[in-house]
Amino acid sequence: MATSDYIIELHQAKKFFPIRPKLFRRSGSDDYLKAVNGVSFKLKQGESLGLAGESGCGKTTTGKILLKLCAMTGGSYFFKGRDITTLTAKEEIKSFRKQAQLIFQNPYDALNPRFTIYRSLLEPLIIHNLGTQQERRDMIRAVMERVNLKPAETFFEKYPHQMSGGQLQRVVLARALIVDPAFIVADEPVSMLDVSVRAGVLNLMKEITEKMDLTTVYISHDLSLIQYMCDYTAIMYLGKIVELGPSRELIAAPIHPYTKALISAVPIPDPDVANEAVNISNNVPSPINLPPGCIFQDRCPVVTQLCRQEEPVFSEVAAGHRVACHQAET
Ligand SMILES: Nc1ncnc2c1ncn2[C@@H]1O[C@H](COP(=O)(O)OP(=O)(O)O)[C@@H](O)[C@H]1O
Ligand SMILES: [Mg+2]
């Protein structure tokens, strides 16, 4: 079996959606919505990455690629050194699914309303054939205590509608953890929760993923959440990562004009972060039939002629900090 220092190695991942049926497609035309258009990053065990950016920039689709919930149009994806794109044997896919778990945004949708909490947590153990009957009860009790649902037995026979949103999101987290995964994707994990319970769920997720040395990808439009939760932050725009770096560095000293604009738009509770306003014009262009050159050209306050002709290379400006901007290259 291949080995690698990295748990996740995504290289030039692409996901294009056809925008009209084949029959009506003009030949040679670019009739695709480029949801993810060449995304690359690597993560080692225990590292966390936040994917940020406006709605529609391709965050969820990138998360789906990472969990093999959607097929890539192009690029390569290695998980623990193994090529995931070519996995076809049922057992191999099942083993990958056990190791790579998703935390849903909405806990009310994630759990079967007709299942008791015990039954919901038993399900993954049955699917992956883990533990004997007695062991399963102990595993369920242990994972519930780990997510602070104690005493666990008092929740066993409850149904989702009898639990609060915060408690349900803990059950969703427990269900992901019970199969002992190596990698977790959390897509907007607290955005459906009441503000008052968000911090509790986030602190718990941070504590558990650190203790278990899990590799995690958090998807959120909330930069202060990402700065708190993640070692690295990637800023996405129209299906591409425009800047990626250590979270503190990227948020304290952003380089890409789009990152600067995003940061200036949100209050970051950190005295070291200057909050100067950066205005960007227009709305996000459509990810269909993109013009040549930089994807941010139409909204960029420092656009030049070069930006309209040539696409900037995503290149390293400091250790572990990469930016796709012509201004950053000089
Ligand atoms: N199944 C799909 N079919 C067609 N277009 C899709 C599909 N899923 C996502 N998209 C489009 O891909 C783009 C990226 O979507 P998504 O990854 O959900 O963005 P985000 O999570 O950042 O809001 C959007 O323009 C969205 O409309
Ligand atoms: Mg999304």
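Scroll up to find the structure.
Residues numbered from 1 in each chain as written. Chains lettered and ligands numbered in written order. Predicted model: local features only at pLDDT ≥ 70, side-chain atom pairs only at ≥ 80, totals over all residues.

### Points about the overall build of the chain
Here's step 1: For the chain, the count of helices and strands is 13 helices and 12 strands.
Here's step 2: Overall, the chain is about 70 × 55 × 40 Å in size when its C-alpha atoms are taken along their principal axes.
Here's step 3: Put simply, the chain has 330 residues, and 38% of those count as buried.
Here's step 4: Across the chain, the fraction of contacts at a sequence separation of at least 24, relative to all contacts at a separation of at least 6, is 64%. (Helix = DSSP H or I, 4+ residues; strand = E, 2+ residues; numbered from the N terminus. Buried ≥ 20, exposed ≤ 12 C-beta atoms within 10 Å, placed from the backbone. Contact = placed C-beta atoms within 7 Å.)

### Notes on the sheet that holds strand β1 (residues 6–18)
Here's step 1: The four strands lie next to each other as β2-β1-β4-β5, forming an open sheet whose pairing is antiparallel. Taken across any chain shown, the strands that pair with only one partner, and hence form the sheet edges, are β2 (32–44) and β5 (82–83).
Here's step 2: Where helix α1 (residues 59–66) meets the sheet, its contacts fall on β1, β2 and β4 (74–79), and the angle it forms with β2 comes to roughly 60 degrees. (Pairing = 2+ DSSP bridges. Axes fitted to C-alpha atoms, helices over the stretch in contact; angles between N-to-C directions.)

### Side note on the pairing of strand β11 (residues 314–318)
Consecutive side chains along a regular strand alternate between the two faces of the sheet.
Here's step 1: Summarising burial for β11: zero of the five residues are buried, a small minority.
Here's step 2: Pairing of β11 with strand β12 (residues 321–324) involves four bridges; the strand directions are antiparallel. Counterpart to Phe-314 in the pairing with β12 is Ala-324.
Here's step 3: Between β11 and β12, which pair antiparallel and follow one another directly, the connecting turn spans two residues, one of which, Gly-320, has a positive phi of 70 degrees.

### Some words on the site of ligand 1
Here's step 1: Ligand 1 sits among Phe-17, Leu-33, Ala-35, Gly-53, Ser-55, Gly-56, Cys-57, Gly-58, Lys-59, Thr-60, Thr-61 and Pro-287.
Here's step 2: Of all the elements in the fold, those that place two or more residues in the shell around ligand 1 are β2 and α1.
Here's step 3: If one sorts the elements of the shell around ligand 1 by residue count, α1 sits on top with three residues. (Near = placed C-beta within 6 Å.)

### Describing the nonpolar core
Here's step 1: Val-143, Ala-174, Ile-235 and Tyr-237 are the most contacted members of the largest nonpolar core, which has 82 residues in total.
Here's step 2: Take this core: its biggest share by element is seven residues, from helix α7 (residues 165–177).
Here's step 3: Excluding residues within four positions of it along the chain, Tyr-237 makes contact with Gly-53, Cys-57, Val-242, Tyr-258, Ile-295 and Phe-296. (Core = buried A, V, L, I, M, F, W, Y, C linked by C-beta atoms within 7 Å.)

### Focus: helix α4 (residues 117–127)
Here's step 1: Among the residues of α4, Ile-117, Ser-120, Leu-121, Leu-122, Pro-124 and Leu-125 are the ones counted as buried.
Here's step 2: Residues of α4 that are buried in the fold lie against α5 (133–146), α6 (153–156) and α7.
Here's step 3: Taken from the residues just after α4, Asn-129 is the one with a positive phi, measuring 55 degrees.

### Section: the environment of Gly-293
Here's step 1: By the secondary structure assignment, Gly-293 is in the loop between α11 (257–265) and α12 (305–309).
Here's step 2: Take Gly-293: there are 19 C-beta atoms within 10 Å of it, and that puts it in the partly exposed class.
Here's step 3: Along the chain, Gly-293 and Glu-310 lie 17 residues apart, while their C-alpha atoms are 4.1 Å from each other.
Here's step 4: Aside from chain neighbours lying at most four places away, what touches Gly-293 is Cys-307, Arg-308, Gln-309, Glu-310 and Glu-311.

### Focus on the sheet that holds strand β3 (residues 48–52)
Here's step 1: Sheet architecture is open: eight strands sit in the order β6-β7-β8-β3-β9-β10-β12-β11, paired in mixed fashion. The open sheet has two edge strands with one neighbour each: β6 (100–103) and β11. Adjacent strand axes in the sheet meet at a mean angle of 20 degrees, parallel and antiparallel pairs treated alike.
Here's step 2: Bridge count between β3 and strand β9 (residues 232–237): four bridges; the pairing is parallel. By the bridge assignment, Gly-50 is partnered in β9 with Thr-233.
Here's step 3: Together, β3, β7 (183–187), β8 (215–219) and β9 form the strand contacts of α1, whose direction differs from that of β8 by roughly 155 degrees.

### Observations regarding α5
Here's step 1: If you check α5, its first and last C-alpha atoms are 20 Å apart, about what 14 residues at 1.5 Å a residue would give, namely 20 Å.
Here's step 2: If you check which residues of α5 are buried, you get Met-139, Ile-140, Val-143, Met-144 and Arg-146. Mapping the buried residues of α5 onto a view down its axis gives an arc of 155 degrees, with all of them on the same face. Of the exposed residues in α5, those oriented more than 90 degrees away from the buried face are Gln-134 and Asp-138. (Expected span 1.5 Å × (residues − 1). Arc of directions from axis to C-beta.)

### Notes on the environment of Ile-226
Here's step 1: Looking at the secondary structure, you find Ile-226 in helix α9 (residues 223–229).
Here's step 2: Between the alpha carbons of Ile-226 and Ser-95 there is a distance of 29 Å; along the sequence they are 131 residues apart.

### Remarks on the environment of Leu-168
Here's step 1: On the secondary structure map, Leu-168 appears in helix α7.
Here's step 2: Each C-alpha atom of the pair Leu-168 and Ala-110 lies 9.2 Å from the other, and the pair is 58 residues apart in sequence.
Here's step 3: Sequence-distant contacts of Leu-168, that is, excluding residues within four places in its chain, are made with Pro-107, Tyr-108, Leu-111, Pro-160 and Met-163.

### Points about the packing of α7 against helix α8 (residues 195–211)
Here's step 1: For the pair α7 and α8, the least separation of the axes is 10 Å and the interaxial angle reads 15 degrees. Of the possible angle classes, the one that applies to α7 and α8 is roughly parallel. Crossing angle aside, the handedness with which α7 passes α8 is right-handed. From α7, Gly-165, Gly-166, Gln-169, Arg-170, Leu-173 and Leu-177 reach across to α8, where they touch Val-197, Gly-200, Val-201, Met-205 and Ile-208.
Here's step 2: For the contact of α7 with α8, a count of residues per class yields six nonpolar, four polar and one charged. (Parallel < 35°, antiparallel > 145°, perpendicular 65-115°, else oblique. Left-handed = near helix turned anticlockwise from the far one by under 90°. Nonpolar A, V, L, I, M, F, W, Y, C, P; charged D, E, K, R; others polar.)

Interpretation note: all reported values are geometric properties and have no functional meaning in isolation.
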